[in-house]
Amino acid sequence: MTRKTSYGLNKLLTGLAKEHATRERMTEADLAGHTLNADERAALESGDITRLYHLGANPYLIRRVFRPRFKV
Amino acid sequence: MAEIVAAALMSHAPLITGKPEVQKPEQRDRFYAGYREIRRRLVAARPDLIMMFVNDHLQNFAYSNMPAFCVGLVDAYDAPSPGGARLMRLPARKVPGAPDWGMALLEEGLSVGFDFAYTYEVESWDELSVPLHFLLPDADIPVATLYINCGAPPLPTPRRCHAVGAFVGSFIQSRPTTERIAVLATGGLSHWVGTPDNGRINEEWDHWVLDHVTRADVEPLARLTWEEIERDGGNGGQEIRNWVAALATVPGWKGETLAYAPVAEWITGCATVWMHR
């Protein structure tokens, strides 16, 4: 069994990564129209990269989109 | 008969070119020198085509349709695109593909039971852009690609990647041409990207991999599980699949490590390896 995957998180992040867009945290507008549960929304809106990982976001996508959140 | 005239394995990471200002410049210089030595030997081998085992980073293949193995039928690769060029600090450019050669590989694969996906368009990220910046500055040799899913689990097993590589090797040797082929793999070694351990490098595991490559002892690499790689090599270490596939095209060839540098700023255990017949 590999790790948990959230399609909702990855679909949102994939779209932004393809556009080479980065975020510190997501806005209401970023999330509009996406299927996400309350935990996922909270993690995206606060830019909690560790929580996003545990909720099943792909780490490459977390890295690409939330680049300003990483120290290295 | 077509022939494999060169083989090499090397790391890729966007910050290899994107962040050349590092704390230990001797590491950067050693690793760049490794790429340049591969370039020198590659030119001397006079390949007509470069076959590359690489992986996407969710740039091309999405969770709506994720191929385990995908043959590039691309006329010209974005390597990099204007968007990717900024982070990698490389000029945007196109590198010529080899769509007819890719189609022959695809059709032969399908006929013997390797049900590859295929794509006519690739916007490469660091998997092609960074190594080819050093190896193919003039973009004067066509590139064929086989994309292996190393980044969106569940992933194909290293064992299956070995079988795919062995098939590609036999495909090359069965070609009724005199073409000279170079086989490259990019990716690895250990790195933790975007995970809670982001930035970790496991030098011990890197040396374990290089030691096996040096002795042409591929079996322990092919036997690795996703869990073992995730634990010891990180999510980025899963790219070792590309190496296993390339190694399977040249059974018995032994690796010479040209450079190894665990560069903290590039968050990757960086290696360049030339394979000897």
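1. Here we look at the overall build of chain B
Then step 1. A tally of regular secondary structure across chain B gives eleven helices and ten strands.
Then step 2. For 277 residues, the compact-globule formula gives about 19 Å, and the C-alpha radius of gyration of chain B, at 17 Å, lands near that figure.
Then step 3. Judged by the C-alpha coordinates and their principal axes, chain B covers about 50 × 40 × 40 Å.
Then step 4. For chain B, buried positions account for 64% of its 277 residues.
Then step 5. Considering only residue pairs separated by 6 or more positions, chain B has 81% of its internal contacts joining residues 24 or more positions apart.
Then step 6. Of the roughly 10000 Å² of accessible surface on chain B, a fraction of 51% belongs to carbon and sulfur atoms.
Then step 7. The distance from the centre of the 24 positive side-chain charges to the centre of the 34 negative ones in chain B is 5 Å.

2. Considerations on the side chain of B:T186
All names here are of chain B.
Then step 1. Within the secondary structure, T186 is located in strand β8 (residues 180-186).
Then step 2. Residue T186 is classed as buried on the basis of its relative accessible area, which comes to 0%.
Then step 3. A distance of 2.7 Å separates the side chain of T186 from the side chain of H12, its partner in a polar contact.

3. What about the packing of aromatic side chains?
Then step 1. Counted by the stated rule, this structure contains 13 aromatic pairs over all chains.
Then step 2. Geometrically, the ring pair formed by B:Y32 and B:F134 is tilted, given 4.9 Å between the ring centres and 50 degrees between the ring planes. On the criterion of sequence distance, the pair formed by B:Y32 in helix α2 (residues 25-45) and B:F134 in helix α5 (residues 126-135) is long-range, its members being 102 residues apart.
Then step 3. B:F134 gets classed as buried once you look at its relative accessible area, which sits at 8%.
Then step 4. By the ring-pair criterion, three or more aromatic residues cluster together here, those being B:F69, B:W101, B:F114, B:F116, B:F167 and B:F171.
Then step 5. Positioned over the ring face of A:F70 is A:R63, at 5.2 Å from the centre of the ring.
Then step 6. When the ring centre of B:W125 is taken as reference, the NZ or CZ atom of A:R64 above it lies at 3.9 Å.

4. Side note on the pattern of salt bridges
Then step 1. Tallying each qualifying case throughout the model produces 16 salt bridges over all chains.
Then step 2. Ionic pairing is found between A:R23 and A:D30, a salt bridge with its closest N-O pair at 3.0 Å.
Then step 3. A relative accessible area of 23% places A:R23 in the partly exposed class.
Then step 4. A:D30 sits in the buried class, given a relative accessible area of 13%.
Then step 5. Between B:R215 and B:D217 there is a salt bridge, and its shortest N-O distance comes to 3.5 Å.

5. Considerations on the side chain of B:S129
Residues and elements named next belong to chain B.
Then step 1. Relative to the elements of secondary structure, S129 occurs in helix α5.
Then step 2. On the basis of relative accessibility, which here comes to 1%, the residue S129 falls in the buried class.
Then step 3. Here the side chain of S129 touches W125 through a polar contact of 2.9 Å, landing on its backbone oxygen.
Then step 4. The contact partners of S129, leaving out residues within four places of it in the chain, are D78, A79, P80, M88, L90 and S124.

6. Regarding the environment of A:L31
Residue and element names in this part refer to chain A.
Then step 1. Looking at the secondary structure, you find L31 in helix α2 (residues 28-31).
Then step 2. Along the chain, L31 and L9 lie 22 residues apart, while their C-alpha atoms are 9.8 Å from each other.
Then step 3. Excluding residues that lie within four positions of it along the chain, L31 makes contacts with L12, M26, L36, R41, L44 and E45.

7. Section: the nonpolar core
Then step 1. B:M51, B:F53, B:W101, B:L146 and B:W243 are the most contacted members of the largest nonpolar core, which has 51 residues in total.
Then step 2. Among all residues touching B:W243, those that are not within four sequence positions of it are B:L9, B:M10, B:S11, B:A185, B:T186, B:G187, B:L189, B:V209, B:L210, B:V213, B:A271 and B:V273.

8. Here we look at α5(B)
Then step 1. With nine of its ten residues buried, α5(B) lies for the most part within the structure.
Then step 2. Of the positions making up α5(B), those classed as buried are B:D126, B:E127, B:L128, B:S129, B:V130, B:P131, B:L132, B:F134 and B:L135.

9. Observations regarding the sheet that holds strand β2 (residues 49-54) of chain B
Residues and elements named next belong to chain B.
Then step 1. Strands sit in the order β6-β3-β7-β2-β8-β1-β10-β9 across an open sheet of eight strands; the sheet is mixed. Because the sheet does not close on itself, it has two edges, and the strands there are β6 (117-119) and β9 (254-263). If you compare each strand with its neighbour and ignore which way they point, the axes differ by 20 degrees on average.
Then step 2. Bridge analysis of β2 against strand β7 (residues 143-148) gives five bridges, and the strand direction is parallel. Its bridge partner lying in β7, M51 is registered against A144.
Then step 3. The sheet contacts of α2 involve β1 (3-10), β2, β8, β9 and β10 (268-276), and relative to β9 the element is tilted by about 150 degrees.
Then step 4. Here helix α7 (residues 203-214) sits on the sheet and contacts β1, β9 and β10; the angle it forms with β9, its principal contact strand, is near 165 degrees.

Parameters at a glance
- Residues numbered from 1 in each chain as written.
- Chains lettered and ligands numbered in written order.
- Predicted model: local features only at pLDDT ≥ 70, side-chain atom pairs only at ≥ 80, totals over all residues.
- Heavy atoms only, no water.
- Helix = DSSP H or I, 4+ residues; strand = E, 2+ residues; numbered from the N terminus.
- Rg over C-alpha atoms; globule rule 2.2 N^0.38 Å.
- Buried < 20%, exposed > 50% of the residue type's maximum accessible area, 1.4 Å probe, protein only.
- Contact = heavy atoms within 4.5 Å.
- Areas by Shrake-Rupley, 256 points an atom, 1.4 Å probe, with all protein chains shown as cover.
- Lys, Arg positive; Asp, Glu negative; His and termini not counted.
- Charge placed at Lys NZ, Arg CZ, Asp CG, Glu CD.
- Polar contact = N/O pair within 3.5 Å; in protein donor to acceptor, adjacent residues only side chain to side chain.
- Phe/Tyr/Trp six-rings, centres within 6.5 Å; stacked < 30°, edge-to-face > 60°.
- Lys NZ or Arg CZ within 6 Å of the ring centre and 35° of its normal.
- Salt bridge = Lys/Arg side-chain N within 4 Å of Asp/Glu carboxyl O.
- Core = buried A, V, L, I, M, F, W, Y, C linked by side-chain atoms within 4.5 Å.
- Pairing = 2+ DSSP bridges.
- Axes fitted to C-alpha atoms, helices over the stretch in contact; angles between N-to-C directions.

Honestly, that's just the spatial picture; any functional story needs more than this.
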